[in-house]
Amino acid sequence: MDRPQLPEALARIRTELASISKVQAESNSFAPGDYLLREGQVNEQVSLILEGAVELLKTGEDGGEYAVGVLGPGQLLGLLSLSSGEPAFLTARARAHTQVLSLDREEFARLLRTRGDFNRLVAPLLLDNLVNRYRRVVGLHLEVAQLTRELNAEKQELKNTIAQLQATRNRLIQQEKMATLGHLVAGIAHEINNPIASLARVTDSLESQLGRVFAGPVAAHLLPLFQRAFVLGLNRKSLQTEEHRRRSEQLQNRFPWLGRTVIRSLAQLDAPDFEELYQLVEREPERERLMLVERLVDFLETAVLLRSIRIASTRIGSIVRSLKNYSRQDRAADEPIDVREGLQDTLLLFGYVLKKFNLEVDLPPIPTVRCATGEINQVWTNLILNACEAMGESGTLCVTCGTQPPDWVWVQIRDTGPGISEAVRDKIFQTHFSTKHGAQYGLGLGLAIARGIIEKHGGRIEVANAIPNGAQFTVYLRETENPPPVP
Amino acid sequence: MSNIYILCVEDEPEVLEAVIRDLAPFERVFPIESASTVNEARRVVAECILPKGKLGLVICDHILPGEDGVSFLVELQQDSRTVAARKVLLTAHAGLEATVEAVNLASLNHYIAKPWTQEDLLNVTRRQLTDFVLEQETNLYPFLTILEADRLTEKIRQAPLPSDE
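Residues numbered from 1 in each chain as written. Chains lettered and ligands numbered in written order. Predicted model: local features only at pLDDT ≥ 70, side-chain atom pairs only at ≥ 80, totals over all residues. Heavy atoms only, no water.

Draft legend 1. Structural detail: the overall build of chain A. A count of helices and strands for chain A gives 14 helices and 15 strands. Counting the 487 residues in chain A, one finds 43% classified as buried. Across chain A, contacts joining residues at least 24 apart in sequence account for 75% of those joining residues at least 6 apart. Approximately 26,200 Å² of chain A is accessible, and the part contributed by carbon and sulfur atoms is 55%. (Helix = DSSP H or I, 4+ residues; strand = E, 2+ residues; numbered from the N terminus. Buried < 20%, exposed > 50% of the residue type's maximum accessible area, 1.4 Å probe, protein only. Contact = heavy atoms within 4.5 Å. Areas by Shrake-Rupley, 256 points an atom, 1.4 Å probe, with all protein chains shown as cover.)

Draft legend 2. Broad picture of the overall build of chain B. A count of helical and extended segments in chain B gives six helices and five strands. Looking at the 165 residues of chain B, the share that counts as buried comes to 54%. For chain B, the computed accessible surface area is about 7,200 Å², with 52% contributed by carbon and sulfur atoms.

Draft legend 3. Fine view of the layout of surface pockets. Approximately 980 Å³ is the volume attributed to the largest pocket. Taken together, 40 residues make up the lining of the largest pocket; nearest its centre are Thr261(A), Arg264(A), Glu301(A), Ile20(B) and Arg21(B). Secondary-structure elements contributing two or more residues to the lining of the largest pocket are α4 (116–213), α6 (241–254), α7 (260–266) and α9 (286–327) of chain A together with α1 (13–23) of chain B. Its residues assigned to classes, the lining of the largest pocket shows 10 nonpolar, 14 polar and 16 charged. (1 Å grid on protein atoms, 1.4 Å probe; cavity = no way out; pocket = protein on both sides within 12 Å on 5 of 7 lines; lining within 4 Å. Points joined across faces, edges and corners; volume = space filled by probe spheres on them. Nonpolar A, V, L, I, M, F, W, Y, C, P; charged D, E, K, R; others polar.)

Draft legend 4. Representation of the pairing of strand β2 (residues 32–35) of chain B. Residues and elements named next belong to chain B. What you see with β2 is no split at all: Ile32 and Ser34 on one side and Glu33 and Ala35 on the other are buried throughout. In this sheet, β2 lies alongside strand β1 (residues 3–9) in parallel orientation, the contact comprising four bridges. Bridging across to β2, Cys8 finds its partner in Ser34. Where the polypeptide runs from β1 across α1 and back to β2, its parallel neighbour, the crossover connection is right-handed. (Pairing = 2+ DSSP bridges. Right-handed = clockwise from strand over helix to strand, strands pointing away.)

Draft legend 5. Representation of empty space enclosed by the protein. All names here are of chain A. Per the stated rule, a full pass over the model turns up five cavities of 30 Å³ or more. One number sums up the size of the largest cavity: a volume of about 130 Å³. Those elements that provide at least two residues to the lining of the largest cavity are β6 (76–77) and α2 (79–84). Broken down by element, the lining of the largest cavity gets its largest block of residues, three residues, from α2.

Draft legend 6. View of the pairing of strand β12 (residues 396–404) of chain A. All names here are of chain A. With seven of nine residues buried, β12 is to be regarded as a mostly interior element. Two elements, strand β10 (residues 358–362) and β12, share five bridges in a ladder whose sense is parallel. If you follow Asn358 over to β12, its bridge partner there is Thr396. Strand direction decides the pairing type here: β12 and strand β13 (residues 408–414), joined by seven bridges, are antiparallel. The residue of β13 that forms the bridge with Thr403 is Val409. The hairpin formed by β12 and β13 contains three residues between the paired strands.

Draft legend 7. Structural detail: the pattern of salt bridges. Applying the stated criterion across every chain yields a total of 40 salt bridges over all chains. The structure contains a network of salt bridges with shared partners spanning Arg86(B), Asp131(B), Glu135(B), Glu148(B) and Arg151(B). (Salt bridge = Lys/Arg side-chain N within 4 Å of Asp/Glu carboxyl O.)

Draft legend 8. The arrangement of the packing of aromatic side chains in detail. Residues and elements named next belong to chain A. Enumeration according to the criterion identifies eight aromatic pairs over all chains in this entry. Centroid distance Phe255 to Phe274: 5.9 Å. Interplanar angle 65 degrees. Geometry classified as edge-to-face. With Phe255 in the loop between α6 and α7 and Phe274 in helix α8 (residues 271–282), the pair connects residues that are 19 residues apart, well separated along the chain. Taken together, the ring pairs connect Phe255, Trp257, Phe274 and Tyr278 into an aromatic cluster. The ring centre of Trp408 lies 4.8 Å from the NZ or CZ of Arg460, which sits over that ring. The aromatic ring of Tyr476 is capped on one face by Arg460, whose charged end is 4.0 Å from the ring centroid. (Phe/Tyr/Trp six-rings, centres within 6.5 Å; stacked < 30°, edge-to-face > 60°. Lys NZ or Arg CZ within 6 Å of the ring centre and 35° of its normal.)

Draft legend 9. Broad picture of the sheet that holds strand β3 (residues 53–61) of chain B. Residues and elements named next belong to chain B. Read across the open sheet, the five strands follow the order β2-β1-β3-β4-β5; overall the sheet is parallel. Across the chains shown, the open sheet's two edge strands, defined by having one partner strand only, are β2 and β5 (110–113). Strand-to-strand twist across the sheet, computed as the mean angle between neighbouring axes with direction ignored, equals 25 degrees. (Axes fitted to C-alpha atoms, helices over the stretch in contact; angles between N-to-C directions.)

Draft legend 10. Layout of a nonpolar patch on the surface. All names here are of chain A. Among the surface-exposed residues, Tyr134, Val138 and Leu142 lie close enough to one another that they form a single nonpolar patch of about 330 Å² accessible area. Relative to the helices and strands, Val138 is located in helix α4. You can call Val138 partly exposed: its relative accessible area is 35%. (Patch = residues over 30% accessible without salt bridge, like charges linked within 9 Å, V, L, I, M, F, W, Y side chains within 5 Å.)

Draft legend 11. Inspection of the interface of chain B and chain A at higher detail. Listed as interface residues are 35 residues of chain B and, on the opposing side, 28 residues of chain A. With both sides pooled, the region where chain B packs onto chain A buries about 2,800 Å², and carbon together with sulfur makes up 46% of that total. At the boundary of chain B with chain A, the tally comes to 10 salt bridges. Note that Glu27(B) and Arg264(A) form a salt bridge whose closest N and O atoms lie 2.3 Å from each other. On inspection of chain B and its partner chain A, the count reaches 18 residue pairs in polar contact (both at pLDDT 80 or more). Elements represented by at least two residues in the side of chain B that touches chain A include exactly α1, β2 and α2 (38–49) of chain B. Ranked by residues supplied to the side of chain B that touches chain A, first place goes to α1(B) with eight residues. Broken down by class, the residue content of the side of chain B that touches chain A amounts to 16 nonpolar, six polar and 13 charged. (Buried area = accessible area lost by both parts, 1.4 Å probe. Polar contact = N/O pair within 3.5 Å; in protein donor to acceptor, adjacent residues only side chain to side chain.)

Draft legend 12. Region of the structure containing the sheet that holds strand β2 (residues 35–37) of chain A. Residue and element names in this part refer to chain A. The strand order across the open sheet formed by four strands is β2-β7-β4-β5, and the pairing between neighbours is antiparallel. Whereas interior strands pair on both sides, the edge strands pair on one side only; in this sheet they are β2 and β5 (65–71). Each neighbouring strand pair of the sheet contributes to a mean axis angle of 30 degrees, computed without reference to strand direction.

Draft legend 13. Inspection of the packing of helix α1 (residues 6–19) of chain A against α4(A) at higher detail. Residues and elements named next belong to chain A. In contact at an axis separation of 10 Å, α1 and α4 are set at 145 degrees when each is read in the N-to-C sense. In terms of crossing hand, the pair formed by α1 and α4 is left-handed. Contacts between α1 and α4 involve Leu6, Leu10, Arg12, Ile13, Glu16 and Leu17 on the former and, on the latter, Asp117, Phe118, Leu121 and Leu125. Within the contact of α1 with α4, the residues separate by chemical class into seven nonpolar, no polar and three charged. (Left-handed = near helix turned anticlockwise from the far one by under 90°.)

Right under this line is the structure:
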C-alpha cells in the first residue's frame, strides 16, 4: 500500500470498526518504553498501529535482547498469534508515543471471514504487512550471507597472516642457523687452512730435501750420525720462537762459520742431543766438518718435514672428529652425553673467533646429561659467539661447569664485556631482541634459539651480570637419572 | 751496509716453519727473524732487529692470539724506524674489512692467502725487498744476484757516476 494513502486507509478502518456493532475495538496509547507485548506471553489481540513506532525484540540464546525490527503506522502486531494461537514470538516496545487499535484475535478473524467490507479494508494491510516481513526476511538472509562471506574472508586473511608470521619466524630462525653455520664453516676453513698450508709446503720442500739427501753417498761409519739426526728430527718437540732464538744466538756465537739457515735447523735440537751429534762430527777432520753438519741438517730437516706432515694430518683429523661430534647426527636424541666434549669441540671449531681473547676453561668431571648433542652444541655456540661479540676486540672468556643438588648439571659462560643492563635483561631471550647493530655473528636470535633448545630438554638458562664486569649465562640441565636396577 | 731483516709473525709453529723454509734462499743476504705473537714481534723488532739493522719486510699472519696482525702492521707504519718496511699480510681468513683496514691504515703492500706456493712467496718477497732497497739503499750492488736485477740495474744506470761529482 502506498504511504500517502495510509492515514486515509487507517481512518476508514477506524470508522468501519466503529460502525460495526458489538465489536469492542480498544484504542490504546503507549509512552516510549512501554511494553505492548512480551515474548512468550499469551496474546489474544491483534493490534493495528495508528501512529508512532514499535520496536520488536527477541531474546537470543545467550539471554541478551536483540532488536529485530521496527513497526510503524499501518502495520499489525500479533499476526503470528492470530494465525497460530501460540504465545507471542517477539517482545514489542513503544519507541515513540504510539497509538494502536486492538481487537480480540478471534473477533478479528471472524470479521475477516464474515464482513466483506472489513476484509476489503484490512486485506491490503495484511498483505502489505506480510510483504514487508517477507522482504525483511529476504533482506536478513542476504545480510547474513554477506556477513558470513566477510567473516570467512577475514578468517582466511587471519589464517594467512598467521601462516605468514610462522613462515617468517621459521625463516629467521633458519637464517640465524645459517649465519652460525657460516661462522662454523669459516672457522673450519681457517682451522684447516693452517695444516693444509703446512702440508702443501712440506710436500714441496720434501722433494728438494730428499734430493739433497740422496745427492751423494754416505760413508758407512757416518751412517749412525745421520740416522740419529733423522730420529731426533722425527721426535723433535714443539719449540717456542723465543727459546729457538736464544739457542740460535748461542750456536751462532759458537759456530760463526755456519750459515743462519743451518743454525736455525740445529737450534731445534735440545742441547744434550745436539752435543751428542756434535761429538760425532768432531771425530772427523776439521775440513770436513762444515760439509758434515750441512748433510746432518739435510737428514734432520727431512725428518722435521715428516714430523710436520704427521702434526698437520693429526690436526686435520681432530678438526674432522670435532666436526662430526659437533653435529652428531648419528646419536639418539636422548643419549646420555658428557656436555664437556661438546664444549671442547665448539671451542676448537670456533678457535679463530676466540683467538683474540683470553680463554679460561675449567671443566671438572660432571655427570652425563640426556640430550641431543647437535642441539645442545648449538646452545654453546650461540652463547660463546654472543660473549665474543659482547667483548669486541679483547677480553676473557670463562667456560666452567659443575653440579647443583639435587640433580642439576650446570655450564657457565662468562665474558668481560659491558654486561647486560637491568632494562633489557628480561628481553634478551626474546626473538628479535638484539643490542647488536649490524650484528657480527647473527641476527640476534641466538639467545632465543638457545633458550628454546634448553627448555625443550627440560633445563633452564639464567643470566646475571658477572663480577666485576661482563655477563654470565648459566645453563642448567638435569643429569641422567640412575638407570633402573636390573630385576 | 747494515743488515736488512725479514720478520715473519705467525702463531702456528708448522706454518711459521714453512714460511721460513720457503724464504731460506734470501737468508744469505736478508736475515730472517720470527715471532709467534704481536708482543714478541715488537720485542724482536726493538731488541734483535733495530740495534743491528733495518726492518725490510714483515710477513704477518692475520689472526694472532691476543692482538691481530693488522694492528701490528699499523703500529709499524706509525713508527718512523719501521715506516719504510714493506708489509705483507698472510691470511687464511680473507675478511674484506680487515683487508681494507690493512691497506688503508698500514699501507699494506701485499696480501698472501694461505695456502700459498713457494714461487708466489718468493716473487712477492723479491719484489717487496727490491722496492725497499730501491727506496732505502744507495749501494744496490749487493742485491743484484738475489733481487730483481733488471729494476736494480735500471736504477744504477740512472745514478750519476762518482766521477761526475
